[in-house]
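# Inside the fold
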Amino acid sequence: MVRLVPLVAYEAVAQDLVSSSVETERSSTSTSSIKDDDDTSLPTIVVESLRRRSSVRISKDVELAIMEQSIVEDNGDDTDTDKQQQEGDIYNITTSKEQQQTIDPFSKDYVGITASYFSVGLMIGGSISLLYPVLIVKGGAPASLMAASTAIIMLFWSYKIFFGFLSDCFPIFGYKRKPYMIIGWIFCALVLVLLAKEGNDVKPRHLVIMLSLANLGYVWADTAADGAMVMIAHKEPIERRGKTQTFCYSMMKLGQIVVNVVLLFGMRGPEMNCAGYESDLDAECSTDDEVLTRVDSTLIESYPTDWCHQKCSKAMFSWDLSIPTFALSICFVIAASIPMYICLKEDKVKASPTGEFMSKFWVQIQRRACWQVILYGVLSHITIGVHNAAKPGANYVWLSLSTFQQQLMLILEKLAFFISLNLIRRYALNVSWRKMVLCGSCLVLVFNCAYFLIIFDIYRSSLFYMFTDVSTSFMYTLNVFVSLACMVEVAEPNYEAITYQLLAFFPSLNDQDSVAKDTTQVRTEMATLQCLVILLNLSSLLTLPLLPRQKKDTRELVAKGERSAAWGKFVIISVTTFLVYSTFTTFVTVRYHETHGCLKILGGGGCDDDESSIPALCLVSFIFVYCYGTNFYLSYWPILKGDKSFSWSMFI
């Protein structure tokens with residue numbers, strides 16, 4: 001809040017300026033510079049004048065108030081300009097009159113954004129949830145293929161910056177948001193229709209590719225929706241900023257909950273729960289050892305020649321929700337939402353020249369407030385995002401984790417995050433982001449350690465694992481949310497939208513057959529891998545000094561205006577390198593899994609016994625050097641040089 005300076009103080013200055021020829025000359029020569037030069041600013045003159053006048057006594061509070069208040073040239077009715085010059089307005093991103101308006105996310109003007117995030121939740125939840133029953137239960141896929149399939153479905157999320165560039169730089173009919181939302185969702189719906197035509201016997205690899213293409217469409221739409229969401233968030237005052245964002249992500253989680261509930265009851269039949277099941281009664285049962293090891297032994301004993309046509313104990317119904325029906329259901333929701341996108345309120349803009357736009361974007365990237373937050377997101381997510389890719393196969397073998405239990409676990413994860421987002425939205429919008437990440441990471445440590453009880457067969461229970469995994473997944477997602485909330489404060493108006501290798505060292509954990517042996521070596525390798533994951537996750541806390549504590553700290557970092565072209569280039573090169581590498585390895589692992597997916601450099605167990613682990617080791621070492629070296633230089637090297645002092649407040 002701006003402190004008001006007593007009128008007597010300025011009257012005293014006026015008298016002093018009249019009686020002193022020096023001050024008169026100074027005032028006549030500095031009229032144009034009062035606003036720009038701190039040494040000759042009016043607040044400084046006020047304090048100096050009052051100090052010289054023995055007849056005027058000024059308290060420390062008044063002196064501080066004078067120095068904090070900035071005086072601007074009176075422009076008549078230009079109140080917005082006046083506001084921007086007052087202390088505290090660095091926290092307000094926009095000065096539009098709409099800033100004080102309460103925006104109803106379910107109103108006709110903005111319900112399109114709500115619908116878009118809900119549909120994104122349907123697509124994310126539906127796409128990822130299909131992989132476990134199709135790849136793990138039916139296909140018995142190795143861990144590397146499961147991890148790569150998940151990555152390739154989410155691949156285009158890494159390319160949101162390019163979709164943001166199109167949305168920001170090339171408005172359609174004067175609109176930057178809703179045309180791209182409409183185009184993206186129509187494309188997604190068309191891909192789902194093509195997927196439905198493939199039938200229920202679509203090959204797993206083809207299913208992954210089709211879902212990836214659908215991902216292209218809804219990411220395109222979601223990028224434009226992100227821009228609209230940030231535009232609305234910029235209109236919120238600092239105390240309430242974050243409500244729009246938490247609401248939008250709540251709707252996304254709600255969409256995931258809905259689709260997982262559908263899959264929970266729709267995929268409880270033998271097709272998605274019984275390994276080796278054949279719906280065609282004329283088909284012969286498989287004799288493949290890899291399939292037989294995953295089949296319920298009692299089923300084979302009871303029906304030695306006809307076991308593949310029987311319903312196993314894990315299946316509740318005799319039918320399953322077919323993939324075509326599932327795809328068309330989501331397609332119907334998307335089609336019904338199109339009119340909401342058309343009605344979305346958005347002001348028309350003129351297209352900016354590409355060169356000018358990119359030049360301004362380059363200026364944005366050079367700002368410390370921008371590249372520091374981006375680097376925090378990259379460095380922390382690489383380390384906290386490391387997970388035990390061998391878990392899905394191990395859970396299926398050790399815990400007999402069924403499709404039903406998998407879907408129930410996903411529902412509980414999304415429900416926990418949905419509730420937590422709404423609690424944050426109501427009670428914790430201004431709680432320190434660092435404290436959130438610190439507390440969340442400590443809880444992740446506890447729940448990750450609980451998995452050792454499963455590894456060493458001390459307590460193997462699917463319900464116990466579901467409880468620990470739900471809590472762990474929530475904390476991982478919370479870390480991502482904090483980074484996104486920080487980026488809202490950094491993104492400038494009109495630029496809203498632009499702004500598996502460890503398995504190679506544990507080859508016996510890549511295949512379900514190896515895990516099923518449950519030998520001492522398997523348990524030791526799984527425990528070692530779990531320890532590495534825990535340590536890497538905890539090391540993400542070292543990046544906390546790069547994360548501003550809260551919205552005000554972020555806006556203050558923006559207001560400082562520090563820039564660095566070198567760090568801007570470093571960020572662009574880093575992001576581009578990781579993007580190209582992840583795209584290449586993910587595509588090769590899925591597309592050429594039989595021939596190249598076994599390579600250790602791609603996360604496989606090795607195509608032959610003589611294959612060297614050195615390339616994979618070098619790659620992992622490079623990533624670690626990048627993460628810890630960059631963070632050390634930015635966060636801790638200034639402390640060693642004496643430019644800064646170490647304090648535990650860096651982490652809270």
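Residues numbered from 1 in each chain as written. Predicted model: local features only at pLDDT ≥ 70, side-chain atom pairs only at ≥ 80, totals over all residues. Heavy atoms only, no water.

## Things to note about the overall build of the protein chain
From N to C terminus, the protein chain includes 27 helices and zero strands. The 652 residues of the protein chain split such that 52% are buried. Of the roughly 30400 Å² that the protein chain leaves accessible, carbon and sulfur atoms contribute 61%. (Helix = DSSP H or I, 4+ residues; strand = E, 2+ residues; numbered from the N terminus. Buried < 20%, exposed > 50% of the residue type's maximum accessible area, 1.4 Å probe, protein only. Areas by Shrake-Rupley, 256 points an atom, 1.4 Å probe, with all protein chains shown as cover.)

## Points about helix α15 (residues 354–366)
Given a rise of 1.5 Å per residue, 13 residues ought to cover 18 Å, and the 18 Å separating the end C-alpha atoms of α15 matches this to within 8%. Buried within α15 are the following residues: F357, F361, Q364, I365 and Q366. (Expected span 1.5 Å × (residues − 1).)

## A few points about the nonpolar core
Ranked by internal contacts, the top residues of the largest apolar core, which has 109 residues, are W185, L192 and W398. If one sorts the elements of this core by residue count, helix α10 (residues 204–233) sits on top with 15 residues. Not counting residues within four places of it along the chain, the set of residues in contact with W185 comprises S116, S119, V120, M123, G217, Y218, A221, I334, I338 and Y341. With 25 residues, the next largest nonpolar core counts W371, L375, I424 and L544 among its residues. (Core = buried A, V, L, I, M, F, W, Y, C linked by side-chain atoms within 4.5 Å. Contact = heavy atoms within 4.5 Å.)

## Some details on unusual backbone geometry
Positioned with a positive phi, F173 is a non-glycine residue whose angle comes to about 55°. By the element assignment, F173 lies in the loop between α8 (160–169) and α9 (178–197). With relative accessibility at 72%, the residue F173 sits in the exposed group. Positive phi values are uncommon outside glycine, yet S400 reaches one of about 50°. Turning to its location among the elements, S400 is positioned in the loop between α17 (391–398) and α18 (403–427). Note on S400: relative accessible area 37%, which makes it partly exposed.

## Here's the deal with the state of the cysteines
Under the defined criterion, the tally for this structure stands at two disulfides. Here C274 connects covalently by a disulfide to C312, the sulfurs 2.0 Å from one another. The disulfide joining C274 to C312 has a torsion of about -90° about its S-S bond and is therefore left-handed. With a gap of 38 residues between them, C274 in the loop between α11 (243–266) and α12 (289–292) and C312 in the loop between α13 (297–302) and α14 (323–342) connect regions that are remote in the sequence. Assessed through its relative accessible area of 4%, C274 is described here as buried. Residue class for C312 comes out buried when judged on its relative accessible area of 10%. Linked covalently through their sulfurs, C285 and C308 form a disulfide whose S-S length is 2.1 Å. Taking the sign of the S-S torsion, -80° for the link of C285 and C308, the bridge is left-handed. Taken together, the positions of C285 in the loop between α11 and α12 and C308 in the loop between α13 and α14 put the pair 23 residues apart, joining distant regions of the chain. A single burial state applies to C285 and to C308, both of which are buried. (Disulfide = S-S within 2.5 Å.)

## A few points about the environment of V258
Note that V258 resides in helix α11. According to the relative accessible area criterion, V258 is partly exposed, its value standing at 35%. Spatially, the C-alpha atom of V258 lies 8.3 Å from that of I411, the residues being 153 residues apart in sequence. Setting aside its immediate chain neighbours within four residues, V258 contacts F118 and L122.

## Let's talk about a nonpolar patch on the surface
A contiguous nonpolar patch, built from L412, L415, I419, L423 and Y427 and spanning about 490 Å² of accessible area, is present on the exposed surface. Within the fold, I419 resides in helix α18. (Patch = residues over 30% accessible without salt bridge, like charges linked within 9 Å, V, L, I, M, F, W, Y side chains within 5 Å. Salt bridge = Lys/Arg side-chain N within 4 Å of Asp/Glu carboxyl O.)

## Quick notes on the pattern of salt bridges
According to the stated counting rule, one finds 11 salt bridges in the structure shown. Across the salt bridge formed by R523 and D457, the nearest N and O atoms sit 3.7 Å from each other. One salt bridge in this structure joins D518 and R460, with 2.9 Å as the shortest N-O distance. Exposure remark for R460: the relative accessible area of 21% places this residue in the partly exposed category. Salt bridges sharing common partners tie together D457, R460, D518 and R523.

## So, the side chain of Q310
In this structure, Q310 sits in the loop between α13 and α14. A polar contact is formed between the side chain of Q310 and the side chain of D306, at a distance of 2.9 Å. When sequence neighbours within four positions are dropped, the list of residues in contact with Q310 reads Y277, L299 and Y303. (Polar contact = N/O pair within 3.5 Å; in protein donor to acceptor, adjacent residues only side chain to side chain.)

## Re a negative patch on the surface
Taken together, D201, E278, D280 and D282 make up a surface patch of like negative charges. Positionally, E278 belongs in the loop between α11 and α12. Judged by its relative accessible area of 31%, E278 falls in the partly exposed class. (Lys, Arg positive; Asp, Glu negative; His and termini not counted. Charge placed at Lys NZ, Arg CZ, Asp CG, Glu CD.)

## Focus: the packing of aromatic side chains
Following the criterion strictly, the structure yields 23 aromatic pairs and no others. On the numbers, 6.1 Å between centres and 45° between planes, the contact of F624 with Y628 is tilted. With F624 and Y628 both in helix α27 (residues 614–641), this residue pair falls four residues apart, about one helical turn. For Y628, a relative accessible area of 27% gives the class partly exposed. Through pairs of rings, three or more aromatic residues link up here, namely W371, W567, F570, F578, Y626 and Y633. The ring of Y175 is capped by K178, whose NZ or CZ atom sits 4.5 Å from the centre of that ring. The ring of W398 carries R460 above its face, with NZ or CZ at 4.4 Å from the centroid. (Phe/Tyr/Trp six-rings, centres within 6.5 Å; stacked < 30°, edge-to-face > 60°. Lys NZ or Arg CZ within 6 Å of the ring centre and 35° of its normal.)

## Considering the confidence of the model for the protein chain
Of the residues in the protein chain, 76% have a pLDDT of 70 or more, and the chain-wide mean is 76. When the elements of the protein chain are averaged for pLDDT, helix α1 (residues 7–19) gives the smallest value, 35, and α9 the largest, 94. Confidence over residues 95–99 falls short of pLDDT 50; this stretch has eight contacts with residues more than four positions distant or in other chains. Ignoring residues within four places in sequence, the model shows residues 494–501, a span with pLDDT below 50, making 42 contacts including any to other chains. (pLDDT = per-residue confidence, 0-100.)

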